[in-house]
Amino acid sequence: MEFREQRLENGLEIIAECNPRAHSAALAFFVKSGARDETAEVAGVSHFLEHMVFKGTPRRSAADVNRQLDEVTANSNAFTSEELTVYYATMLPEKVPASLELLSDILRPSLREDDFETEKQVILEEIAKYEDQPPFGAHEKCMAAHFGSHPLSHSVLGTVASVGALTPQQMRAYFQQRYSPDNIVLAATGRIDFDRLVEWAAGHCGGWQPLATSRSAPPPPDHDGLQVVYNELARQQYVVQIANGPAAESDDRYAARLLATVIGDDSGSRFFWALVDTGLADYAAIDPYDFQNAGVYMTSLCCTPDTTADNLRRMRQILEEVELHGVTATELEQARNKICSQVVLGSERPGNRLFAVGGNWVQRREYRTVRQEVDALRAVTLNDIAAVLARYPLTKTTTVAVGPLKEL
């Protein structure tokens, strides 16, 4: 495999992991635009804009876009997160030119007012649905409580008030700034002819006009606390806890991932054996998430209301034990084997590899092979785990509980 990169004159970056032995290919536009880039006035606009991109272009109707995506790609979709909006597709190698032309076209959508008003109702219904079903927005509520005024506190969906008040003019202004070519990376994996890819991208995207774009990336706050949100619709209690963790730029992220696997993977972890296997909880897990200049461990618990307090005490005891004594060599090796297997197996399809290649480049401006990722995980020692525990205490958390309990 060969990694290639090139930048067009307007700032659009093109990267590819070219594998001549692959039988498929994958493409994605990584737009460095997400919830953390929004103001309170336009909260939710990144996700709303993701929807609008598929509503048609000056050259294609919405029906054309969706029909042609089905015709030339094996799979296509998009997602919005705190930091990115990603438009991706997988296809046979001979469909790369048509797929790139189509994805490039929808990245310059019409943003018609009629479509805007129709899609606004879809988004408002999505927000209401999200609040009305488990876990009733516990994740977003905890992010908001933990990060406070920090940009990472923003909900990806936005609020009923912000989305309801959003105007087409505000969306167009946001699009012009955030969808500037120098704020976008075109990533490709699989059987890719890179020189032709650059040629095609220049033809389709070379006319995009650049506009200076920046992002606020302050360090995360130091916060803890408890918030209990009563929800009469809930039959179980949903608890989310957030502790600070390594940022995307930190090499500590490897130790953090292994540590979280030992403590709270959804099978074979300390949380699993103590809470899930025993029937005390339906779900108990911890996952690391890394962002630009910030990171978190997010712990999730789902159980009956009457067992919630005891389960939280059990989880606290497990975390205190880990902070005091660390993990065992056997646990670390098991976690390494599990994650390394996931990394290797996930790399066997260009469609899966696409997000690792593109995500690494956008977050850290680096290309990492599968071997480098496996070697980095293999290199983590018990001392590295202890150092991460010292830097990022797992017991200093912001806790949000949503469910039938009025106090906890």
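In this report, we go over the structure that sits alongside the text. Sequence order sets the numbering: in each chain, residues are counted from 1 along the sequence as written. Note on the predicted model: pLDDT of at least 70 is required for a residue's local features to be given, and 80 or more for side-chain atom pairs to be given and counted; whole-chain, interface and lining totals, by contrast, use all residues. Neither water nor hydrogens contribute to the side-chain values; these are computed over all heavy atoms in the structure.

## Notes on the sheet that holds strand 10 (residues 294-303)
For the record, the criterion: Any two strands with at least two DSSP bridges between them are considered paired. Strands here are runs of E lasting at least two residues and helices are runs of H or I lasting at least four, both read from the DSSP assignment and numbered beginning at the N terminus. Where helices are involved, their axes are fitted lines through C-alpha atoms of the stretch in contact, as for all axes, and angles between N-to-C directions lie from 0 to 180°. Every residue pair with non-hydrogen atoms within 4.5 Å of one another is taken to be in contact.
With mixed pairing, the 5 strands of this open sheet are ordered in space as 7-11-8-10-9. Edge positions in the open sheet fall to strand 7 (225-230) and strand 9 (283-291), since each of these has one partner strand only. Within the sheet, the average angular offset between the axes of one strand and its neighbour, ignoring direction, is 15 degrees. Strand direction decides the pairing type here: strand 8 (residues 237-244) and strand 10, joined by 8 bridges, are antiparallel. Across the sheet, residue N244 finds its bridge partner in strand 10, namely V296. Sheet strands touched by helix 5 (residues 138-147): strand 7, strand 8, strand 9, strand 10 and strand 11 (398-403). Its angle to strand 11, the strand with the most contacts, is close to 150 degrees. Docked against the sheet, helix 9 (residues 252-264) engages strand 9 and strand 10, running at close to 175 degrees with respect to strand 9.

## Side note on the nonpolar core
Just so we agree on the cut-off: We define the nonpolar core as a collection of buried residues of types Ala, Val, Leu, Ile, Met, Phe, Trp, Tyr and Cys that are connected through side-chain atoms lying within 4.5 Å of one another. Exposed residues in this analysis have more than 50% of their type's maximum accessible area, buried residues have under 20%, and partly exposed residues fall in between, with area computed by a 1.4 Å probe over protein chains only.
Counting residues in each nonpolar core, the largest one holds 51 residues, and the members touching the most others are L27, F29, M171, I192 and L197. Apart from the residues within four sequence positions on either side, L197 is in contact with I14, A16, L27, V96, L100, A188 and I192.

## Regarding the pattern of salt bridges
As a reminder of what qualifies: Should a side-chain nitrogen of Lys or Arg be within 4 Å of a carboxyl oxygen of Asp or Glu, the pair is scored as a salt bridge.
Per the stated rule, a full pass over the model turns up 30 salt bridges. Look at the salt bridges and you will find they share partners, linking R59, R60, E101 and D105 into a network.

## A word on the pairing of strand 5 (residues 85-91)
With 7 of its 7 residues buried, strand 5 lies for the most part within the structure. What you see with strand 5 is no split at all: T85, Y87, A89 and M91 on one side and V86, Y88 and T90 on the other are buried throughout. As judged from the 7 bridges shared by strand 3 (residues 25-31) and strand 5, these two strands associate in the antiparallel manner. Bridge pairing links V31 to T85 in strand 5. As paired strands, strand 4 (residues 75-80) and strand 5 are joined by 6 bridges and run antiparallel to one another. Bridge pairing in strand 5 places T80 opposite T85.

## Brief notes about empty space enclosed by the protein
Filter applied, for reference: Cavities and pockets are found on a 1 Å grid laid over the protein atoms alone: a cavity is a set of points where a 1.4 Å probe fits but cannot escape, a pocket is an open set with protein on both sides within 12 Å along at least five of seven lines, and a lining residue has an atom within 4 Å of such a point. Grid points are joined across faces, edges and corners, and a volume is the space filled by probe spheres set on the points. Polar here means any residue other than Ala, Val, Leu, Ile, Met, Phe, Trp, Tyr, Cys and Pro, which are nonpolar, and Asp, Glu, Lys and Arg, which are charged; Gly is therefore polar.
For the structure on display, the rule yields 1 cavity of 30 Å³ or more. As a volume, the largest cavity reaches approximately 40 Å³. Of all the elements in the fold, those that place two or more residues in the lining of the largest cavity are strand 8 and strand 10. Ranked by residues supplied to the lining of the largest cavity, first place goes to strand 8 with 3 residues. Of the residues assigned to the lining of the largest cavity, the class counts are 6 nonpolar, 3 polar and no charged.

## Quick look at the packing of aromatic side chains
Counted only if it meets this: Only rings of Phe, Tyr and Trp enter the pairing, Trp through its six-membered ring, and a pair is recorded when the two centres are within 6.5 Å. The plane angle decides the type: under 30 degrees is stacked, over 60 is edge-to-face, the rest tilted.
This model, assessed by the stated rule, comprises 12 aromatic pairs. Their ring planes at 85 degrees and their centres at 5.0 Å tell us that Y88 and F355 sit as a pair that is edge-to-face. Of the two residues, Y88 is situated in strand 5 and F355 in helix 13 (residues 350-364); the sequence distance between them amounts to 267 residues. Here Y88 falls in the buried class, since its relative accessible area comes to 16%. What makes F355 partly exposed here is its relative accessible area of 29%.

## A short note on the sheet that holds strand 2 (residues 13-18)
Strand order in the open sheet made by the 6 strands is 1-2-6-3-5-4, with mixed pairing throughout. Every other strand in the sheet has two partners, leaving strand 1 (2-7) and strand 4 as the edge strands with one partner each. Strand-to-strand twist of the sheet, defined as the mean angle between neighbouring strand axes without regard to direction, takes the value 10 degrees. Against the sheet, helix 8 (residues 194-205) contacts strand 1, strand 2, strand 3 and strand 6 (184-190), and its axis sits at roughly 155 degrees relative to strand 2.

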